[in-house]
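# Coordinate analysis (summary)
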Amino acid sequence: MIKVHDKYPLLKHNTFGIEATAERFVEFSSAEALVGFLKEGFSGKSLVIGGGSNLLFAGDFAGTIFHSRIMGIEVLGESENDVLVRVGSGVNWDEFVGYCVEQGWHGLENLSLIPGEVGASAVQNVGAYGVEAGDLIVKVEAIEIDGASPCVFTNADCEYAYRHSIFKGAEKEKYIITHVTFRLKKHAGFKLSYGNLKEKVDELGGATLANVRKAVCEIRSAKLPDPAEIGSAGSFFMNPVVAAAVAARLKEEYPAMPQYPLACGDVKLSAGWMIEQCGWKDTPHEHVGVYRHQALVVINRGGAKGGDVIAFAAAVVASVKEKFGVELNMEVNVIE
Ligand code: EPU
């Protein structure tokens, strides 16, 4: 089924709570319906959105927005050790994670409570507490917008890296994802080394799938705003990666600075810590600020327009550059 809406309000489709309108908004509930629509041809720019939890509308969108309503969670095969699960791109991410935990399938529990939908998880390579979606994805099915042709991407084709995939890079806005297939484990192999996760899990009675999910939900709820209450798009910036020599110089000047050495020799810095050090928790703009428990999250304090958020973000970037000499890049996609 295809539903086409003209002059469609986007308020319910972006967690930042920005009022904007799309010239056309297309919802599809199967790959076949989408192919049928694309074969008729359309002109102008296009955008694919999921739960709208990682984007910022700079203004009205003068083009066609596609949103998947493809549902369903299907087991393609299983062995003694693992299970292959094919999921519709319109399935809510956290409902999918919850379902996996109920089934006793391991792998995604650290990614509990991330807002958004399954299709977007394969684009953004969502990650938290030491796990990234790309670690578990084996296949992505998509439709090429130009040719209306179905395509399959293996994990290697997707070129997953920190908050990155081919769908954000070279192939940006060329494909619409319809299904994602994950390989999940049937036996325990918990990853609890990030921050205070192990401590929280122990408090709950030890490492089980349900306890890890609960611990992650509790940590996230304490640090990150609930999109239903405060408009935001989660982490607004990416954590910057710098050369080891730069990190060493910064550590000398700022001994408390959190640093995470990477296997390649470079060092990941904490953007949230640097933003807090620049004083942004105490100096919001009129409509925009950072969240009091996590400065990496830019929030809509009420009535913000896309331009207000962009101006605020530019001021944050400039202050971090001036104090630490480090360039912050946006995690959030700004839609012009
Ligand atoms: N910190 C501060 N002040 C702040 C924020 C952080 O001092 O305002 C410090 C923390 O105390 C800690 C360090 O910075 O020492 C790292 O903070 P945290 O563990 O909260 O993680 P993060 O690096 O800020 C990343 C992801 C989050 C993810 C967490 C946990 C990115 C851009 N963000 O945040 O992802 O939940 O790690 O894995 O990589 C998202 O993408 O929307 C998101 C929430």
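Scroll up to find the structure.
Presented here is an overview of the structure given in this document. Computed from a prediction, not measured in an experiment: that's the story for all the values here.

Right, let's talk about the packing of aromatic side chains for a bit. Both the distance between ring centres and the angle between the ring planes are used here to describe each pair of aromatic rings. In total, this model carries 18 aromatic pairs according to the counting rule given. Ring geometry for Phe37 and Phe42: centres 6.5 Å apart, planes at 35°, overall tilted. Their ring planes at 70° and their centres at 5.5 Å tell us that Phe42 and Phe66 sit as a pair that is edge-to-face. Within this pair, whereas Phe42 is found in the loop between α1 (31-39) and β3 (45-49), its partner Phe66 is found in strand β5 (residues 61-68), the two being separated by 24 residues in sequence. Taking the relative accessible area as the measure of exposure, Phe42 reaches 22% and is therefore partly exposed.

The antiparallel open sheet is built from three strands, whose spatial order is β13-β18-β17. The sheet is open, and its two edges are formed by β13 (231-235) and β17 (288-291), each paired on a single side. Mean inter-strand twist for the sheet, computed between neighbouring axes without regard to direction, equals 30°. Of the pairings in the sheet, the one linking β13 to strand β18 (residues 294-300) comprises three bridges and is antiparallel in character. Residue pairing in the sheet places Ser235 in a bridge with Val297 of β18. Sheet contacts for helix α9 (residues 306-324): β17 and β18; angle to β17, the most-contacted strand, approximately 60°.

Calculation rules
Residues numbered from 1 in each chain as written. Predicted model: local features only at pLDDT ≥ 70, side-chain atom pairs only at ≥ 80, totals over all residues. Heavy atoms only, no water. Phe/Tyr/Trp six-rings, centres within 6.5 Å; stacked < 30°, edge-to-face > 60°. Helix = DSSP H or I, 4+ residues; strand = E, 2+ residues; numbered from the N terminus. Buried < 20%, exposed > 50% of the residue type's maximum accessible area, 1.4 Å probe, protein only. Pairing = 2+ DSSP bridges. Axes fitted to C-alpha atoms, helices over the stretch in contact; angles between N-to-C directions. Contact = heavy atoms within 4.5 Å.

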